[in-house]
2 protein chains.
Amino acid sequence: MSEPLRIALAGLGTVGGGVIRLIETNAALIARRAGRPIVITAISARNRSKDRGVDLSGYAWEDDMVILGERPDVDVVVELVGGADGPALALARTTFEAGKALVTANKAMIAHHGLELAGRAEAAKVAFKFEAAVAGGIPAIKGLREGAAANRIERVYGILNGTCNYILSTMEDTGRDFADVLAEAQAKGYAEADPTFDIDGIDAAHKLSILSSIAFGTAIDFRSVTATGIRRVLAADIAQADALGYYIRLIGMADTEIDAEGNRRLFQRVHPHLVHRDHPLAHVDGATNAVVAEGNFVGRLLFQGAGAGDGPTASAVVADLIDIARGDVGAPFSIPVAELDAAAPAETGHRRGKAYLRFSVADRPGVLAEITAAMRDAGVSIESLIQKGRAGDGGEGDSDQVLVAMVTHEGPESAIAEAMRLLEGSPSLSEPPLVMHLLEE
Amino acid sequence: MSEPLRIALAGLGTVGGGVIRLIETNAALIARRAGRPIVITAISARNRSKDRGVDLSGYAWEDDMVILGERPDVDVVVELVGGADGPALALARTTFEAGKALVTANKAMIAHHGLELAGRAEAAKVAFKFEAAVAGGIPAIKGLREGAAANRIERVYGILNGTCNYILSTMEDTGRDFADVLAEAQAKGYAEADPTFDIDGIDAAHKLSILSSIAFGTAIDFRSVTATGIRRVLAADIAQADALGYYIRLIGMADTEIDAEGNRRLFQRVHPHLVHRDHPLAHVDGATNAVVAEGNFVGRLLFQGAGAGDGPTASAVVADLIDIARGDVGAPFSIPVAELDAAAPAETGHRRGKAYLRFSVADRPGVLAEITAAMRDAGVSIESLIQKGRAGDGGEGDSDQVLVAMVTHEGPESAIAEAMRLLEGSPSLSEPPLVMHLLEE
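Just so we're clear, the structure is a prediction, and the values are computed from it rather than from any experiment.

K.L.:
Is there a simple way to explain the overall build of chain A in this structure?
P.N.:
Each helix and strand counted, chain A has 13 helices and 19 strands in total. Over its C-alpha trace chain A gives a radius of gyration of 24 Å, about what one expects of a compact globule, namely 22 Å for 441 residues.

Right, dumping it as structure tokens:
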């Protein structure tokens with residue numbers, strides 16, 4: 001096993017540069033741990049002439065990155081191009097056709113085409129690994145696929161998007177509002193120019209769909225993940241949550257349930273939650289990510305670390321390469337694709353829990369009566385309620401607006417949905433209510 | 001790979017019973033994930049007739065557990081007998097001699113004989129795995145050996161003993177004193193009748209020596225771990241730490257350094273620390289364990305979960321079995337024993353940091369002057385100092401005693417040691433000072 005493992009690298013952006021730096025910087029210890037050297041032989045990117053601050057002269061260049069998978073001097077292709085389709089997908093298919101292994105950080109491609117690609121990898125008896133696709137440098141996939149492998153996983157959830165967590169924890173620390181903090185995050189490079197994928201929860205949904213497939217042995221099903229982002233969270237919500245002993249975090253949550261016909265169904269939701277301050281996720285601040293897996297024997301496991309960035313992501317990519325160098329050719333989703341269950345999406349209505357509801361209402365008589373009547377008629381029991389002027393929002397023009405925030409007693413989500421339906425279109429509400437679920441200790 | 005992996009189980013205590021329950025309860029999903037069934041064929045324990053609440057009639061019984069390793073119907077021996085030497089060690093040697101794999105939760109045996117056993121396993125080309133030996137159900141060894149494998153590990157540390165963490169966090173929550181909380185923990189079964197190994201830090205030292213070997217590629221060296229337990233921590237210390245923004249935790253800490261001759265040296269210490277409230281370990285409460293690894297690319301990784309108990313420990317044991325069923329026969333300490341460095345123990349004197357010092361002194365004039373003069377003469381700079389009556393201790397007879405607690409500015413540990421030397425034997429001190437290091441954010 002002393003022959004080098006030969007890598008081709010497609011994509012030389014931030015993470016690609018990080019992988020090159022890591023493989024060069026830690027070459028000696030990687031060879032000791034992997035049992036053989038890991039070397040880059042060929043590279044490709046969209047633009048050859050761009051200065052990337054690393055010396056690329058030692059590596060063969062391919063203008064057409066899809067060719068990388070066919071090179072005879074390559075054992076593993078590392079795909080860091082991104083995008084669910086296009087060149088990344090073409091490269092992945094070519095790589096497996098050529099009987100070579102693939103390592104990728106491409107969560108969108110796995111969420112959309114993971115089953116097809118895993119099937120191709122299994123047919124070719126080669127490795128297909130994507131630790132870097134979920135939670136950056138954290139070995140969350142390994143933790144689920146191997147560390148917790150003896151357990152029936154009851155649920156898997158976590159803070160899966162560093163941009164959202166940075167924005168929420170900065171709002172928390174400073175009392176500033178969403179748009180303001182987002183603009184600052186963009187200026188600092190913590191958020192993309194087009195932040196939609198992050199702040200609307202799509203990136204977290206990609207990652208959640210991967211985690212839930214491995215945790216539950218179900219076919220990956222990104223399309224059934226319901227995702228709500230953090231755009232509508234106000235500084236006032238954060239202050240209100242804090243007063244109640246909670247922190248607001250965007251949580252991706254997945255579990256399975258048995259329906260009335262005895263079939264297993266898959267629940268997958270990305271949603272801002274009020275996280276109890278005694279829950280370990282409450283203290284995950286800044287761009288940090290964290291994944292929790294609850295197993296029937298191990299109890300609650302938490303994996304926490306940097307969710308993005310060139311160093312952490314490169315760490316996860318190269319950990320996969322070391323596994324491959326050591327001979328790991330396991331099923332990408334823990335069990336073979338053909339054996340994954342095709343679970344239908346779960347109904348959410350009978351899920352039980354507490355919820356935080358926040359209404360922006362006109363400051364006039366009868367509004368509170370209308371809201372509380374809707375709650376009563378829908379069977380929602382209110383645990384606490386607070387009404388305050390919308391000062392926390394900092395807006396000048398909406399001084400006739402007040403916020404009504406309440407926390408419900410534990411009850412079925414269907415009752416909340418019914419209350420929302422009853423209030424739909426009410427002229428008293430200046431915008432649709434914001435519903436957030438509570439994650440208790 | 002559809003033939004079952006056949007297990008022999010030595011030791012049927014709490015964890016052994018948990019392994020049987022787990023393998024029986026989760027048999028179907030284990031077979032799916034492992035690619036083949038994992039079945040128990042033979043068992044052994046000291047006392048055959050004891051009622052363990054599980055049906056053992058389906059398993060062959062051996063009175064002499066060492067025979068388990070030689071049975072032709074066994075692929076892997078699971079050793080859950082405990083003890084650094086004796087039957088556990090004999091069984092481990094026999095197992096490798098017979099060319100079979102070994103899984104164990106026995107931290108003491110690995111701390112003392114891990115290198116010898118790993119050498120035997122490597123010679124026999126069989127697996128030797130011990131995830132359950134460190135931090136119970138947390139896949140901390142896997143996290144270091146595989147998840148963080150691409151990184152030079154800067155330091156590895158954590159909360160490695162659930163009994164101590166339970167006692168400290170209960171003292172914190174209730175304001176009660178050590179002896180009182182220990183007695184309660186013993187009554188509840190959270191602490192052993194003889195708690196020495198736990199509360200004096202020896203158990204944590206066993207675990208730390210295993211983690212540091214894997215993290216740094218150094219030969220396991222339990223004997224050079226310095227260990228101080230938590231017996232001398234007072235409720236008053238916890239209150240004082242809290243006022244400063246810290247929580248007291250027993251931390252096992254390891255790193256390496258290059259000495260003046262250019263040789264790498266290994267630092268390993270178990271010691272109660274003041275942990276800053278913004279450090280993730282500050283919020284690890286109760287019997288929970290947590291391991292932090294800081295890598296040169298990944299940054300800070302945290303692995304947290306149940307550090308003991310039959311379910312979590314069984315989860316780690318069976319995770320090892322699944323790895324073996326999947327074909328993993330890697331080097332037990334990440335790199336082969338012959339390639340591990342023999343690092344000499346580090347000197348601690350030039351380590352720099354802040355420290356908390358607490359003195360129990362007679363309440364009479366001049367004592368504070370004596371202590372602060374010793375600090376000045378040793379070059380220790382004091383950041384804050386508080387003197388108070390020993391009320392927090394609850395003792396009736398020592399009302400003439402006062403506590404003087406201080407936090408130093410950052411400086412070399414050698415200066416603290418010198419100050420302690422200057423005060424040694426002083427009639428003003430009713431007991432030796434307590435020194436705790438600070439773990440900053």
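K.L.:
Got a minute to help me understand helix 12 (residues 367-378) of chain B in this structure?
P.N.:
Between the first and last C-alpha of helix 12 of chain B there are 17 Å, a value that for 12 residues agrees with the 16 Å anticipated at 1.5 Å per step. Following helix 12 of chain B by one or two positions, G379 of chain B adopts a phi angle in the positive range, close to 80°.

K.L.:
Would you mind going over the sheet that holds strand 4 (residues 76-79) of chain A with me for this structure?
P.N.:
Strand pairing in a sheet relies on backbone hydrogen bonds, with the paired strands running either antiparallel or parallel. Residue and element names in this part refer to chain A. One open sheet holds the six strands; their spatial order is 3-2-1-4-5-6, and the pairing between them is parallel. Whereas interior strands pair on both sides, the edge strands pair on one side only; in this sheet they are strand 3 (60-61) and strand 6 (128-129). Judged from the four bridges that link them, strand 4 and strand 5 (residues 101-104) form a sheet pairing that is parallel. Within the sheet, the bridge partner assigned to V78 lies in strand 5 and is V103.

K.L.:
Whenever I open this one, unusual backbone geometry confuses me. Can you help?
P.N.:
Residues other than glycine predominantly adopt negative phi, and peptide bonds predominantly adopt the trans conformation. Residue and element names in this part refer to chain B. Positive phi outside glycine occurs at A135, with the angle close to 60°. Locating A135 in the fold gives a position in the loop between strand 6 (128-129) and helix 5 (140-147). A positive phi angle, near 80°, is found at S334, a position not held by glycine. Among the secondary structure elements, S334 is positioned in the loop between helix 11 (310-325) and strand 13 (344-345).

K.L.:
I'm lost on the environment of R48 of chain B in this one. Help?
P.N.:
Looking at the element boundaries, R48 of chain B is found in the loop between strand 2 (38-44) and strand 3 (60-61). Since 12 C-beta atoms lie within 10 Å of it, R48 of chain B is described here as exposed.

K.L.:
What's the story with the environment of E424 of chain B in this structure? I'm lost.
P.N.:
Residue and element names in this part refer to chain B. Within the fold, E424 resides in the loop between helix 13 (413-423) and strand 19 (434-439). Taking the C-beta count within 10 Å as the criterion, E424 has 11 such neighbours and is therefore assigned exposed. Sequence separation between E424 and A290 is 134 residues; the distance between their C-alpha atoms is 36 Å.

K.L.:
I tried to follow the interface of chain A and chain B on my own but got confused; where do I start?
P.N.:
One frequently used descriptor of interface size is the decrease in accessible area upon assembly of the parts. Taken together, the 44 residues of chain A in the interface contact 44 residues of chain B. Looking at the side of chain A that touches chain B, the elements with two or more residues in it are helix 2 (27-34), helix 5 (140-147), strand 12 (299-306) and helix 11 (310-325) of chain A. Taken together, the residues of the side of chain A that touches chain B break down into 20 nonpolar, 15 polar and nine charged.

K.L.:
I keep staring at the relation of the copies chain A and chain B and nothing clicks. Help me out?
P.N.:
One copy of the chain maps onto the second through a rotation about an axis and a displacement along it. Mapping chain A onto chain B leaves a residual RMSD of 0.0 Å; the transformation is a rotation of 180° accompanied by 0.0 Å of translation along its axis. Taken together, the rotation angle and the small translation identify this as a two-fold axis. For chain A, the smallest separation between a C-alpha atom and the rotation axis is recorded for F303 of chain A, amounting to 2.4 Å. The share of interface residues of chain A whose copies in chain B are also at the interface is 100%, consistent with both copies meeting through the same surface.

K.L.:
Which parts of the structure should I look at to understand the domain arrangement of chain A?
P.N.:
Residues and elements named next belong to chain A. With domains assigned, chain A is organised as domain 1 (5-133), domain 2 (140-306) and domain 3 (352-439). A C-alpha centroid distance of 28 Å is found between domain 1 and domain 2. Class assignment for the residues of the side of domain 1 that touches domain 2 results in six nonpolar, two polar and two charged.

K.L.:
Hey, could you run me through the environment of G217 of chain A in this one?
P.N.:
Its place among the elements puts G217 of chain A in the loop between helix 9 (202-216) and strand 8 (226-227). For G217 of chain A and A342 of chain A, which are 125 residues apart along the polypeptide, the C-alpha to C-alpha distance reads 9.0 Å. In this view, G217 of chain A contacts S334, I335, L340 and D341 of chain A together with R32 of chain B; residues no more than four positions away in its chain are not counted.

K.L.:
When you look at the packing of helix 6 (residues 162-174) of chain A against helix 7 (residues 178-188) of chain A in this model, what are you seeing that I'm missing?
P.N.:
In a packed pair of helices, the relevant descriptors are the angle between the two axes and the axis-to-axis distance. All names here are of chain A. Packing of helix 6 against helix 7 leaves a shortest axis separation of 9 Å and a crossing angle of 125°. Our classification of the angle between helix 6 and helix 7 gives oblique. Two packed elements cross with a definite hand, and for helix 6 against helix 7 that hand is right-handed. Between helix 6 and helix 7, the residues in contact are T163, Y166, I167, T170 and M171 and F178, V181, L182 and A185, respectively. Residues belonging to the contact of helix 6 with helix 7 are distributed by class as follows: seven nonpolar, two polar and no charged.

Definitions and cut-offs
Residues numbered from 1 in each chain as written. Chains lettered and ligands numbered in written order. Predicted model: local features only at pLDDT ≥ 70, side-chain atom pairs only at ≥ 80, totals over all residues. Helix = DSSP H or I, 4+ residues; strand = E, 2+ residues; numbered from the N terminus. Rg over C-alpha atoms; globule rule 2.2 N^0.38 Å. Expected span 1.5 Å × (residues − 1). Pairing = 2+ DSSP bridges. Buried ≥ 20, exposed ≤ 12 C-beta atoms within 10 Å, placed from the backbone. Contact = placed C-beta atoms within 7 Å. Nonpolar A, V, L, I, M, F, W, Y, C, P; charged D, E, K, R; others polar. Least-squares fit on C-alpha atoms with pLDDT ≥ 70 in both. Domains from an automatic or database assignment. Axes fitted to C-alpha atoms, helices over the stretch in contact; angles between N-to-C directions. Parallel < 35°, antiparallel > 145°, perpendicular 65-115°, else oblique. Left-handed = near helix turned anticlockwise from the far one by under 90°.

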